[in-house]
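Examining the three-dimensional arrangement
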Amino acid sequence: AAKAAGKRQWRLYQPVLSAGLMRRREIQEALEEALATSAFSLVYQPIVALDTGDLAGFEALIRWPHPEWGMMHPGQFITLAEETGQIIAIGAWVLRRATTDIVRLRQAAAPPGTRHAATEPGPLTEDRPAGNRDLWVSVNVSARQFADTRFAGTVRQAIAASGLEPQAIMLELTESALLRRDERLHSELAELKGIGVKLAIDDFGTGYSSLSYLRDLPIDVVKMDKSFVEGIADSDQRLALAEGIVQIARTLSLDVIAEGIETEVQRDLLSSMDCHYGQGFLLAMPMPLTEAEELARNGFTASAPVPAPRH
Ligand code: C2E
Ligand code: MG
Ligand code: MG
Ligand code: MG
């Protein structure tokens, strides 16, 4: 008890430290408390169909608003949470939250192909059928989470609790999560496919995977890493590489989401190479659920201001 009191005393004079300097133990304890009090939150970054410019889905991105340290981004705590195993409980929370939220987002959304701009406000009527059942939410899954034997059960439970169609969930697995070349990898992916969720390879091209992953694993979507989007406007070689990724994916009947689109030229080039979907600060910033609902309801309107980065 004396030790705890002493620590509290010391904390009074503790200067604001960057996350990098804070002791791991301190972050670990704070994560434990955040788990106990559900102190995390999710922001949603829109994913856009590049041919029509319409909203297609959202990626759920975790945030940890800490009373002293400010807004903690995943880069500041996910690696530690993976090392301590806390990612398993955090990931289960993310899945529950995201499945609950996509139910709301789908209800708020206009049916595909219709646009409800500010000129069409008001409650839903029979003329205006509710919902967009194509809208999905992408959830990031770390390697440690995916390796946990309870993972598929967690996914199944989250879906059952929300009453959601499983296709509304896309699980984003990194190449490192798919690195285990054992029998369990195939059976676990098959189990997830059996549940009916969509599977994506995240940050494609940055890890150690090879093209055989795309051929051999039951993947639906390739997320082309932003390093492949960068520079496509400036270099023919980079442009050709991005185009190659899109073409290979198309040949294998996989959809492609290009990450990190920051300029109009990048968007137009990706669109002209028939890349299906795009995501990036140019198109939309990650936003809280209420704003995501608003966007689902109204679509991208010409009058909507470009949102400032706030999260
Ligand atoms: P990711 O899955 O590749 O997510 C995309 C990251 O790129 C997000 O950063 C997003 O804010 C950022 N981003 C989006 N558009 C642009 C752009 O145009 N330019 C640039 N420079 N960046 C852009 P964030 O939210 O900081 O997340 C970082 C990483 O943390 C994610 O990368 C993902 O691997 C991980 N992560 C996020 N949420 C979760 C989660 O709930 N669970 C797990 N296990 N990992 C998560
Ligand atoms: Mg991701
Ligand atoms: Mg990614
Ligand atoms: Mg990435």
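Thresholds, definitions, all that
- Residues numbered from 1 in each chain as written.
- Chains lettered and ligands numbered in written order.
- Predicted model: local features only at pLDDT ≥ 70, side-chain atom pairs only at ≥ 80, totals over all residues.
- Heavy atoms only, no water.
- Donors = N, O, S within 2.8 Å, 3.2 Å for Na, K, Ca; no water.
- Helix = DSSP H or I, 4+ residues; strand = E, 2+ residues; numbered from the N terminus.
- Buried < 20%, exposed > 50% of the residue type's maximum accessible area, 1.4 Å probe, protein only.
- Contact = heavy atoms within 4.5 Å.
- Core = buried A, V, L, I, M, F, W, Y, C linked by side-chain atoms within 4.5 Å.
- Salt bridge = Lys/Arg side-chain N within 4 Å of Asp/Glu carboxyl O.
- Near = heavy atom within 4 Å.
- Polar contact = N/O pair within 3.5 Å; in protein donor to acceptor, adjacent residues only side chain to side chain.
- Nonpolar A, V, L, I, M, F, W, Y, C, P; charged D, E, K, R; others polar.

The name that an unreviewed UniProt entry assigns to the protein chain is EAL domain-containing protein, with the source organism given as Trebonia kvetii.

This part covers the coordination of the magnesium ion (ligand 3). The magnesium ion (ligand 3) binds to the protein through Asp-202 (OD), Asp-203 (OD) and Glu-259 (OE); the donor distances cover 1.6 to 2.6 Å. Look at where the donors of the magnesium ion (ligand 3) fall in the sequence and you get D-D-x55-E. The distance between the magnesium ion (ligand 3) and the magnesium ion (ligand 2) comes to 3.4 Å, with Asp-202 serving as a donor to both metals.

On to the environment of Glu-82. Position of Glu-82 among the secondary structure elements: in helix H3 (residues 78-84). Accessibility expressed as a relative area gives 27% for Glu-82, which makes it partly exposed. Linking Glu-82 and Leu-55, residues 27 residues apart in sequence, is a C-alpha distance of 32 Å. Contact partners of Glu-82, with chain neighbours within four places excluded, come to Ile-87, Ser-142 and Arg-144.

Let us look at the nonpolar core. Grouped together as the largest cluster of nonpolar side chains are 83 residues, with contacts concentrated most on Trp-64, Phe-146, Leu-171, Leu-178, Leu-192, Met-224 and Leu-270. Among the elements that take part in this core, helix H4 (residues 87-108) stands out by supplying nine residues, more than any other. Apart from the residues lying within four places of it in its own chain, the contact partners of Trp-64 are Ile-27, Ala-30, Leu-31, Ala-34, Ala-39, Phe-40, Trp-69, Gly-70, Met-71, Met-72 and Phe-77. Counting nine residues, the second largest nonpolar core, distinct from the first, contains Trp-136, Met-170, Ile-257 and Tyr-277.

Bringing the pattern of salt bridges into the picture now. Under the criterion given, the structure shown has 14 salt bridges. In this structure, the salt-bridge partner of Arg-25 is Glu-29, at a minimum N-O distance of 3.2 Å. Here Arg-25 pairs with Glu-29, and both are found in helix H2 (residues 24-36), just four residues apart, close to one helical turn. Classification of Glu-29 by relative accessible area gives partly exposed; the value is 34%. Measuring nitrogen to oxygen at the nearest pair gives 3.2 Å for the salt bridge that ties Arg-297 to Glu-294. Taken as a pair, Arg-297 and Glu-294 lie in helix H12 (residues 289-298) at a separation of three residues, close to a single helical turn. Several salt bridges converge on common partners, so that one network encompasses Glu-59, Glu-172 and Lys-223.

Attention now goes to the site of ligand 1. Around ligand 1, 22 residues are found, and the nearest of them are Arg-63, Asn-140, Asp-202, Glu-262 and Phe-281. One of the side-chain N or O atoms of Arg-63 is found 2.9 Å from an oxygen atom in ligand 1. Between Lys-226 and ligand 1, the recorded distance is 3.1 Å, taken from a side-chain N or O atom to an oxygen atom. Among the secondary structure elements, those contributing two or more residues to the shell around ligand 1 are strand S2 (55-66), H4 and strand S6 (198-204). Tallied by class, residues from the shell around ligand 1 come to eight nonpolar, six polar and eight charged.

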